[in-house]
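In case you want the letters, here they are:
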Amino acid sequence: MSKYSLTDINSQYVDVLQELGNIGAGNATTAIASMLSIKVNMNVPKVELIEVSKLGAAICPEDEIVVGIFLELQKDIEGSMMFLMRMDSARYLVNRLMMRDPAYEAEFDEMDLSAIKEIGNIIAGSYLSALSTMTNLSVLPSIPYLAVDMAASVLSVPAIEFGQYGDHTLLIETEFGDDVMINGYFILMPEQESYGKILKGLGFEV
């Protein structure tokens with residue numbers, strides 16, 4: 001199979017990736033709405049192919065505290081992925097889930113961290129489900145790893161992982177919510193051979 005990277009794709013493939021962003025974000029929004037028993041609106045996701053080294057600048061200042069859920073991918077598509085939320089978004093979701101005052105700002109305890117991990121796992125699973133459906137490929141995520149730290153530190157782990165697979169990654173910025181809009185960032189980096197599998201699954205000749 002020919003070797004592909006995200007830098008090889010054409011505008012048609014970018015349109016397909018945009019559709020992946022739309023479906024994944026739609027799935028995630030539905031899942032969150034069901035979890036919180038609320039009506040959730042969603043803005044059109046922003047899909048971007050970006051250099052791994054520029055991820056931090058595209059999301060937030062490097063010294064800002066963020067929440068990151070990292071997973072490894074196995075089976076038909078191998079590689080890594082991460083879902084990131086800024087602290088205000090993560091705190092709002094946890095407070096809603098725990099039925100607390102939305103303005104509650106105490107440090108996360110073990111139960112809060114467990115809830116964040118579950119929220120991130122559900123959202124990441126929504127995107128992976130969209131990818132699997134669009135390509136007819138099976139994707140199995142690992143147990144999620146959770147980090148709450150400065151953006152530079154959180155992104156250093158996927159940067160090392162992603163560095164094995166290429167210089168560019170797929171960044172999907174999504175925004176959803178009710179009275180308060182939540183910002184989230186889905187980052188996907190398949191390993192080299194999986195690019196060809198994804199392209200073939202999407203109907204492109206490889």
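Residues numbered from 1 in each chain as written. Predicted model: local features only at pLDDT ≥ 70, side-chain atom pairs only at ≥ 80, totals over all residues. Heavy atoms only, no water.

S.K.: Mind showing me how you'd approach the overall build of the chain here?
M.R.: Check the secondary structure of the chain and you find six helices and eight strands. Order of helices (α) and strands (β) in the chain, N terminus to C terminus: α-β-β-α-β-β-α-α-β-β-α-β-β-α. Of all 206 residues assigned to the chain, the portion counted as buried reaches 47%. Pairs at least 24 residues apart make up 74% of the contacts formed inside the chain by residues separated by at least 6 positions. (Helix = DSSP H or I, 4+ residues; strand = E, 2+ residues; numbered from the N terminus. Buried < 20%, exposed > 50% of the residue type's maximum accessible area, 1.4 Å probe, protein only. Contact = heavy atoms within 4.5 Å.)

S.K.: Explain helix α3 (residues 87–97) here, please?
M.R.: Side chains of residues three or four places apart in an α-helix project in the same direction, reflecting 3.6 residues per turn. Burial within α3 is extensive, with eight of its eleven residues counted as buried. Taken as a whole, α3 has its buried residues at M87, S89, A90, R91, Y92, L93, V94 and N95. Looking one or two residues past α3, M99 carries a phi angle of roughly 60°, positive in sign.

S.K.: Help me understand the nonpolar core in this model?
M.R.: It is characteristic of soluble globular proteins that their nonpolar side chains tend to be buried jointly. Formed by 41 residues in total, the largest nonpolar core has its most connected members in M81 and I123. Elements that contribute at least two residues to this core include exactly α1 (11–36), β3 (65–75), β4 (79–86), α3, α4 (110–135), β7 (168–177) and β8 (181–190). Of all hydrophobic cores here, the second largest spans 17 residues; its members include I59, M82, L84 and L171. (Core = buried A, V, L, I, M, F, W, Y, C linked by side-chain atoms within 4.5 Å.)

S.K.: How do you make sense of the packing of α3 against α4 when you look at a structure like this?
M.R.: Two quantities define a packed helix pair, namely the angle between the axes and the distance from one axis to the other. Axis separation between α3 and α4 bottoms out at 10 Å; the angle between their running directions is 105°. Considering the angle they form, α3 stands roughly perpendicular to α4. Residues L93, V94 and L97 of α3 form the contact with α4, whose own contacting residues are D112, A115, I116 and I119. Residues that form the contact of α3 with α4 fall into these classes: six nonpolar, no polar and one charged. (Axes fitted to C-alpha atoms, helices over the stretch in contact; angles between N-to-C directions. Parallel < 35°, antiparallel > 145°, perpendicular 65-115°, else oblique. Nonpolar A, V, L, I, M, F, W, Y, C, P; charged D, E, K, R; others polar.)

S.K.: What am I meant to see in the pairing of β8 here?
M.R.: In regular strands, side chains alternate between the two faces of the sheet. Within β8, nine of the ten residues are buried, which leaves it mostly tucked inside the rest of the structure. In this sheet, β8 lies alongside β4 in antiparallel orientation, the contact comprising seven bridges. Looking across to β8, one finds that M85 is bridged to G184. (Pairing = 2+ DSSP bridges.)

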